[in-house]
Amino acid sequence: MQFYIDHDWQENMATPRAKVGERAKTHLLIFLCAIWLCVGLIGHSPWKPFESQSISIIQSLIEHPFLSANSWTQGAWIAAVSAGHPALETPPLFYWVATGFAYALSPILPTHDAARLSVGFWMLLTLIMTGLSGRELWNLGVGRQTNFVFIGCLGLVVSAHTMMPAVATLSGITMAFYALALVMRKPMRAMWLLSGGLLIAFLSGGVMPMLIIVLSVISLLLLPAIRQHPPTYQAMLAGIMLAMPGILLWSWCCQQWAPALWQGWWQAQWQFQLPGNHAYFVRTLAWYAWPALPFAMWGVWRFRQSVLHTYRFQLALIFFSVAFVLIGFSSDRSEVAALPLLVPLTVLAAGSIETLKRGAAGALNWFGLILFGILIAMAWLGWWAMLNGSPVKLYQRLSYLSGLQTIPFNLLYGAIAVAVTLIWLSIVLRAKHSNRSSATNWAIGMTCAWTVFMSLWLPMIEAARTYQPLFEDLRQHLPAHYNCIHAQNIGASQEDLLHYHAGIRLKDHEPSKATQCDLFLIEDQPGKRHVLPGEDWQVIWEGEQTRQNRESFRLLQRH
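Peer 1: Help me understand the overall build of the chain, please; the structure alone is not making it clear to me.
Peer 2: Tallying secondary structure elements over the chain gives 24 helices and 6 strands in all. The proportion of buried residues among the 559 residues of the chain is 52%. Summarising the internal contacts of the chain: among those between residues at least 6 apart in sequence, 75% fall at separations of at least 24. Accessible surface computed for the chain: about 25,300 Å², of which carbon and sulfur atoms make up 63%.

Peer 1: What exactly am I supposed to notice about helix α12 (residues 230–257) here?
Peer 2: Spacing of three or four residues puts side chains on the same side of an α-helix, whose turn is 3.6 residues. Taking 1.5 Å per residue, 28 residues should reach 40 Å; α12 reaches 41 Å between its end C-alpha atoms and fits that length. By the largest-angle criterion, Met244 marks the main kink of α12, which is about 30°, and a proline, Pro245, follows within four residues. On the buried face of α12, the contacting elements are α8 (166–182), α9 (187–205), α10 (207–221), α11 (224–227) and α13 (259–269).

Peer 1: Just checking my understanding: could you explain the nonpolar core for this structure?
Peer 2: Note that soluble globular proteins tend to have their nonpolar side chains buried in a common cluster. Counting 174 residues, the largest nonpolar core has Trp36, Met123, Leu156, Leu180, Trp250, Tyr311 and Leu521 as the members making the most contacts within it. In this structure, Trp36 is in contact with Met123, Leu127, Ile151, Leu156, Val157, Ala160, His161, Met446, Thr447 and Trp450, ignoring residues within four places of it in sequence.

Peer 1: Would you mind going over a nonpolar patch on the surface with me for this structure?
Peer 2: A contiguous nonpolar patch, built from Trp366, Ile370, Ile374 and Met378 and spanning about 410 Å² of accessible area, is present on the exposed surface. Here Ile370 shows up in helix α18 (residues 358–388).

Peer 1: Whenever I open this one, the state of the cysteines confuses me. Can you help?
Peer 2: Formally, a disulfide is one covalent bond, and it connects the sulfur atom of one cysteine to the sulfur atom of another. Per the counting criterion, the structure on display carries 1 disulfide. Put simply, Cys484 and Cys517 are joined by a disulfide, and their sulfur atoms are 2.0 Å apart. Judged by the sign of its S-S torsion, about -105°, the bond between Cys484 and Cys517 is left-handed. Pair noted here: Cys484 is in the loop between α23 (468–476) and β3 (485–488) and Cys517 is in the loop between α24 (492–502) and β4 (519–523), with a separation of 33 residues, a long-range link. Cys517 matches Cys484 in its accessibility class, with the two residues each being buried.

Peer 1: Is there a simple way to think about the packing of helix α2 (residues 50–63) against helix α5 (residues 111–137) in this case?
Peer 2: When two helices pack together, their arrangement is captured by the angle between the axes and the distance separating the axes. Packing of α2 against α5 leaves a shortest axis separation of 11 Å and a crossing angle of 105°. Between α2 and α5, the angle falls in the class roughly perpendicular. Here α2 contributes Glu51, Ile55, Ile58 and Ile62 to the contact with α5, which in turn contributes Thr111, His112, Ala115 and Arg116. Among the residues forming the contact of α2 with α5, the class breakdown is 4 nonpolar, 2 polar and 2 charged.

Peer 1: When you look at the sheet that holds β4 in this model, what are you seeing that I'm missing?
Peer 2: Across a sheet, paired strands are connected by hydrogen bonds in the backbone, their directions being either parallel or antiparallel. One open sheet holds the 4 strands; their spatial order is β3-β4-β6-β5, and the pairing between them is mixed. For this open sheet the edge positions go to β3 and β5 (537–544), each flanked by a neighbour on one side alone. Ignoring strand direction, the axes of neighbouring strands in this sheet form an average angle of 20°. The sheet contact formed by β4 and strand β6 (residues 552–558) spans 5 bridges and is antiparallel. By the bridge assignment for β6, Leu521 is matched with Leu555. Its contacts with the sheet place α23 against β4, β5 and β6, and it is angled at close to 150° to β5.

Peer 1: For this particular structure, what's the right way to read the confidence of the model for the chain?
Peer 2: Looking at the chain as a whole, its pLDDT mean stands at 86, while 90% of the residues score no less than 70. Segment residues 1–21 is flagged for pLDDT under 50; beyond a separation of four residues in sequence, or across chains, it makes 23 contacts in the model.

Peer 1: How do you make sense of the pattern of salt bridges when you look at a structure like this?
Peer 2: Pairing of side chains with opposite charge becomes possible as their charged atoms draw close. Counted according to the given criterion, the structure contains 5 salt bridges. With a closest N to O distance of 2.9 Å, Arg116 and Asp113 form a salt bridge. Here Arg116 and its partner Asp113 are both found in helix α5, 3 residues apart, which amounts to about one turn of the helix. Taking relative accessible area as the criterion, Asp113 reaches 6% and is therefore assigned buried.

Peer 1: Even after reading the chapter, I still don't get unusual backbone geometry, so can you show me in this structure?
Peer 2: Most peptide bonds take the trans configuration, and most residues that are not glycine carry a negative phi. Here the residue pair Trp290 and Pro291 is connected by a cis peptide bond, since its omega of 10° sits within 30 degrees of zero. Residue placement: Pro291 occurs in the loop between α14 (278–288) and α15 (292–302). Each neighbour pair has its own omega, and for Ser390 with Pro391 the value is 0°, a cis peptide bond. For Pro391, the position within the fold is in the loop between α18 and α19 (392–402). Phi is positive for Asn489, close to 65°, though the residue is something other than glycine. Examined against the element boundaries, Asn489 turns out to sit in the loop between β3 and α24.

Peer 1: Got a minute to help me understand helix α16 (residues 311–330) in this structure?
Peer 2: If you check α16, its first and last C-alpha atoms are 28 Å apart, about what 20 residues at 1.5 Å a residue would give, namely 28 Å. Summarising burial for α16: 14 of the 20 residues are buried, a large majority.

Peer 1: Looking at this structure, how should I read the packing of α16 against helix α17 (residues 342–352)?
Peer 2: The contact between α16 and α17 brings their axes to 8 Å, and the two run at 150°. Here α17 runs roughly antiparallel to α16, going by the angle between their axes. As for how α16 packs across α17, the hand of that crossing is left-handed. Contacts from Phe313, Ala316, Leu317, Phe319 and Phe320 of α16 reach α17 at Pro344, Leu345 and Leu348.

Peer 1: Whenever I open this one, the side chain of Ser331 confuses me. Can you help?
Peer 2: Along the polypeptide, Ser331 turns up in the loop between α16 and α17. Ignoring anything within four residues of it in the chain, the contact list for Ser331 reads Met208, Gln273, Asn277, Phe281 and Ala337.

Calculation criteria
- Residues numbered from 1 in each chain as written.
- Predicted model: local features only at pLDDT ≥ 70, side-chain atom pairs only at ≥ 80, totals over all residues.
- Heavy atoms only, no water.
- Helix = DSSP H or I, 4+ residues; strand = E, 2+ residues; numbered from the N terminus.
- Buried < 20%, exposed > 50% of the residue type's maximum accessible area, 1.4 Å probe, protein only.
- Contact = heavy atoms within 4.5 Å.
- Areas by Shrake-Rupley, 256 points an atom, 1.4 Å probe, with all protein chains shown as cover.
- Expected span 1.5 Å × (residues − 1).
- Bend = angle between axes of the 7 residues up to and from the residue.
- Core = buried A, V, L, I, M, F, W, Y, C linked by side-chain atoms within 4.5 Å.
- Patch = residues over 30% accessible without salt bridge, like charges linked within 9 Å, V, L, I, M, F, W, Y side chains within 5 Å.
- Salt bridge = Lys/Arg side-chain N within 4 Å of Asp/Glu carboxyl O.
- Disulfide = S-S within 2.5 Å.
- Axes fitted to C-alpha atoms, helices over the stretch in contact; angles between N-to-C directions.
- Parallel < 35°, antiparallel > 145°, perpendicular 65-115°, else oblique.
- Nonpolar A, V, L, I, M, F, W, Y, C, P; charged D, E, K, R; others polar.
- Pairing = 2+ DSSP bridges.
- pLDDT = per-residue confidence, 0-100.
- Left-handed = near helix turned anticlockwise from the far one by under 90°.

Right, dumping it as structure tokens:
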């Protein structure tokens, strides 16, 4: 690869740059990153389990006017719960923002699409804070590379487009991390950022993300470099104290206006699992945090002589260790819980790319090119199979999984997929192998693969996961007047989607409550279809979810 050398006015050699259009490549990547951020946010119904609960809560907030005092004093806006999950699980900040997007954009978009755009807002904030963290801890230019590594992480792409509070929690944690990176140089600015990050993390995720930030700060205060610099530790302590009034205000309001929900939530926040799930998260990070994890591990090894004495490594390792221990003890086996671990790993990785050996960087680069090339080819092959029925085996498998016999040809989505694929091919053919290109090409590959899949496979994924046509059809068959609907075998996520799509809130699932209702909704178990709960019930509607497990529902009316 050919290079030319820049010199400053003192004739000192500067960092060599590749003799390719680096600025053009950066502009192209920014454009693709914008596509990565936007593609997948609209155009499909809420999918369970995460989005079903979120959309039910947002619908509940819409049903309770924001300016009504009763909406607050009755706990609807302070302790937001869904139809299928009666217990409080997280504070309501994410739902407040999503409801605001729904109010503002619902004349243009469906409520679920408008609310899901709030995820793009939170992820944009996360990307900004992540890039600033990398630049602050390493050098100018590393911030862009930090974002390249971050959006290239395999485990991030689906979560970054899912309507759930974890994306707002990630933004708060990333803001707090940037504040701790900045505190040595700009204590006052870091103080406000730390306060804002801590408040966002608590009001969207609860006690656990708050503990990650607070315990990381306490651990950093033990470092000699922090103790010997009074403005730094004073700013860190002040940042935590400034967030306390907001945290205490929500806690007090919740205790006053929803005491039962508060009590259950507070007790659940302090329930730890013994033994923890740390082994699960170690296995998960092996693919979830790729390629940030190998880059970060190399950086720790490469700078092993200074790891314990350099603030950038101290911050990242302390933050990662505290988060890993707390997540392992307090979280279920869920990949979403590992999102905070990506922040310190990505920042470590971004500054270590330049020191990677040329052979290792080339191998990682080619691995990314081959991986995403295969994924893009699979996306096109699956789309072609569903469009034309060939290859037969692949068509039969996709048809079975999605419940569709064919998919319609969409000119707009097809054009997007073609354009992105051509961009990907042009990058592969013109690829210049260097340490930085191994990360940038990976990010471009992830962006292209995600865009192609969402452009071509969205009808199949939507058919396999949506309940919208089913429950809207159920709503149309409801009698004009009825007392209530009792349910049997209906899951919590299905109940949330019933609330959103059909406006139905089910009665308690206990059999003893069935006598109070004149409608009975049943999800049939395998082999028990058409079994009536009694002779006084008559079937007035039947429906089936079209995906592979063929969920069957019946609505019965007492006569």
